[in-house]
Amino acid sequence: MQTPVADAVRIPSATLAAKMSPLSHNSDYSRYFKLRQKVYLVNMSAERNRMVYESLSGVVTSSGTDSLEIMVTHGGEDMHGDGVGVATYKLTSEALGSGIQVLAELTGITAGTVYRFRTHGTLEMFQRRDVTRVELSAPIFQLRGNFPLAFFKKEWMRVIDHLHNSGVLPGLVLQETQINLSVGGIGLTVDTNSRPTPLSMFFISLDEGLPVCALAEALWERGLDEGLLRCGFRFIHILKSDQERINNCASDLIRKSGGTHLDYTRNCVLMDKMVADGRKP
């Protein structure tokens, strides 16, 4: 096992509140969301499974005073059980040198990929901080395929149920692999013949418990020598208990090397709550 390191990836963490009118019609959100701006969507629906962290990503295609249209990277009308008019998301992005987030209701879907939102409430701004990542060797398996998100989500649910009922997955063979890991995602080197698909499912053995199982989207890839690719993935569907297991693993490795571990719960992108939620009595 290699010595863990803290990778200075700049993503939102600690928070500051941006003071805006509590009345949505008095707040112009368009100044904070520009065309082609990258946005992360975190499921905040009242009926969501609160044991699961669920996220999407997309880019702004239209921005109004209290409305947004976002082209979702992995769209599909059949992937939202909550439905139009019911689903609520936290939209997280960057503006004015800080992280921003605001609640929004899903009001419509066009062509399966363009999601229309009505933004409301207080827009929160938060300070950007580092996120802790560790380098380690761990048994993993990556399930790749050019399948829609709806397929992967259904398969993920089936796998989670099977793991927790029987404790094993027949035929699943994990291979020892050098990885870069954090609560938010994973990085690894692959052969060019195993180029990542847009979505994949990772199985990661970290301790004596069941393998961590997470859906991930491919974020970036970089060519290396000898036909190799370095790839980065973001976890978009994962049990919160597995987030905690990854956090504990990273914390142990960092502290053993004499480093300081950073609290992932201060990373707004990784939490399905607003800053104000933590201040309520």
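Bear in mind that the values here come from a model prediction, so they are computed numbers and not experimental data.

## Quick word on the pairing of strand β3 (residues 38-43)
- Counting buried positions over the six residues of β3 gives five, a clear majority of the element.
- Note: β3 against strand β4 (residues 52-63), five bridges, orientation antiparallel. Within β4, the position partnered with Y40 by the bridge is S57.

## A word on the side chain of S93
- You can see S93 is positioned in strand β6 (residues 88-95).
- Residue class for S93 comes out buried when judged on its relative accessible area of 6%.
- Of note is the side chain of S93, whose polar atom sits 2.8 Å from the side chain of Q37.
- Among the polar contacts listed, one links the side chain of S93 to the backbone oxygen of K38, at a separation of 2.6 Å.

## Remarks on the nonpolar core
- Core analysis: the biggest nonpolar cluster contains 38 residues, and F33, L41, L91, F117, L123, W156 and M201 have the highest contact counts within it.
- Beyond its immediate stretch of four places on either side in the chain, F117 contacts L41, D66, S67, L68, I70, Y89, L91, A104, E105, L106 and T107.
- The next biggest cluster of nonpolar side chains, apart from the first, holds 33 residues, and it includes A214, F233, I246 and Y264.

## Considerations on the pattern of salt bridges
- Counting across every chain of the model gives nine salt bridges.
- Across the pair R195 and E221 runs a salt bridge whose closest N-O atoms are separated by 2.1 Å. A residue pair is termed long-range when its members are at least 10 positions apart, and R195 in the loop between β12 (185-191) and β13 (199-204) and E221 in strand β14 (residues 212-223) qualify at 26 residues.
- For R195, a relative accessible area of 44% corresponds to the partly exposed category.
- The class for E221 is partly exposed, based on a relative accessible area of 37%.
- Residues R245 and D242 are paired through a salt bridge, measuring 3.1 Å at the closest nitrogen-oxygen approach. Highlighted residues: R245 and D242, both in helix α2 (residues 240-256), separated by three residues, approximately one helical turn.
- Relative accessible area serves as the criterion here: at 5%, D242 is assigned to the buried category.

## Thoughts on the environment of Q178
- Tracing the chain through its elements places Q178 in strand β11 (residues 175-182).
- Q178 sits in the partly exposed class, given a relative accessible area of 31%.
- Between the C-alpha atom of Q178 and that of I140, which follows or precedes it by 38 residues, the distance is 9.3 Å.

## A look at helix α1 (residues 149-166)
- In this model α1 runs 25 Å from its N-terminal to its C-terminal C-alpha over 18 residues, within 8% of the 26 Å that 1.5 Å per residue would give.
- In the segment just after α1, G167 is the residue with positive phi, at about 85 degrees.

## Some thoughts on the side chain of H74
- Looking at where H74 falls in the secondary structure, it is placed in the loop between β5 (67-72) and β6.
- Among the polar contacts made by the side chain of H74, one reaches the side chain of E217 at a distance of 3.1 Å.

## Brief notes about the confidence of the model for the protein
- Residue-level pLDDT values for the protein average 86, and 86% of them are 70 or greater.
- Across residues 1-25, where pLDDT falls below 50, the model places 82 contacts with residues more than four positions away in sequence or in other chains.

## Description of the packing of aromatic side chains
- Evaluated as defined, the whole model comprises six aromatic pairs.
- Between F141 and F203, the aromatic rings sit 6.2 Å apart at their centres with planes inclined by 45 degrees, giving tilted as the arrangement. Taken together, the positions of F141 in strand β10 (residues 134-144) and F203 in strand β13 put the pair 62 residues apart, joining distant regions of the chain.
- Under the relative-accessibility criterion, F141 is labelled partly exposed at 31%.

## Quick look at unusual backbone geometry
- Residue A111 is not a glycine yet carries a positive backbone phi of 60 degrees.
- In this structure, A111 sits in the loop between β7 (98-110) and β8 (114-126).
- On the basis of relative accessible area, A111 is assigned to the exposed category, the value being 69%.
- Residues other than glycine seldom take positive phi values, yet E226 does so here, at roughly 60 degrees.

## Remarks on the pairing of β8
- Examined bridge by bridge, β5 and β8 share five bridges and lie antiparallel to one another. Opposite L68, over in β8, you have F117 as the bridge partner.
- Bridge analysis of β7 against β8 gives 10 bridges, and the strand direction is antiparallel. Looking at the pairing, L103 lines up with H120 of β8.

What counts, and at which threshold
- Residues numbered from 1 in each chain as written.
- Predicted model: local features only at pLDDT ≥ 70, side-chain atom pairs only at ≥ 80, totals over all residues.
- Heavy atoms only, no water.
- Buried < 20%, exposed > 50% of the residue type's maximum accessible area, 1.4 Å probe, protein only.
- Helix = DSSP H or I, 4+ residues; strand = E, 2+ residues; numbered from the N terminus.
- Pairing = 2+ DSSP bridges.
- Polar contact = N/O pair within 3.5 Å; in protein donor to acceptor, adjacent residues only side chain to side chain.
- Core = buried A, V, L, I, M, F, W, Y, C linked by side-chain atoms within 4.5 Å.
- Contact = heavy atoms within 4.5 Å.
- Salt bridge = Lys/Arg side-chain N within 4 Å of Asp/Glu carboxyl O.
- Expected span 1.5 Å × (residues − 1).
- pLDDT = per-residue confidence, 0-100.
- Phe/Tyr/Trp six-rings, centres within 6.5 Å; stacked < 30°, edge-to-face > 60°.

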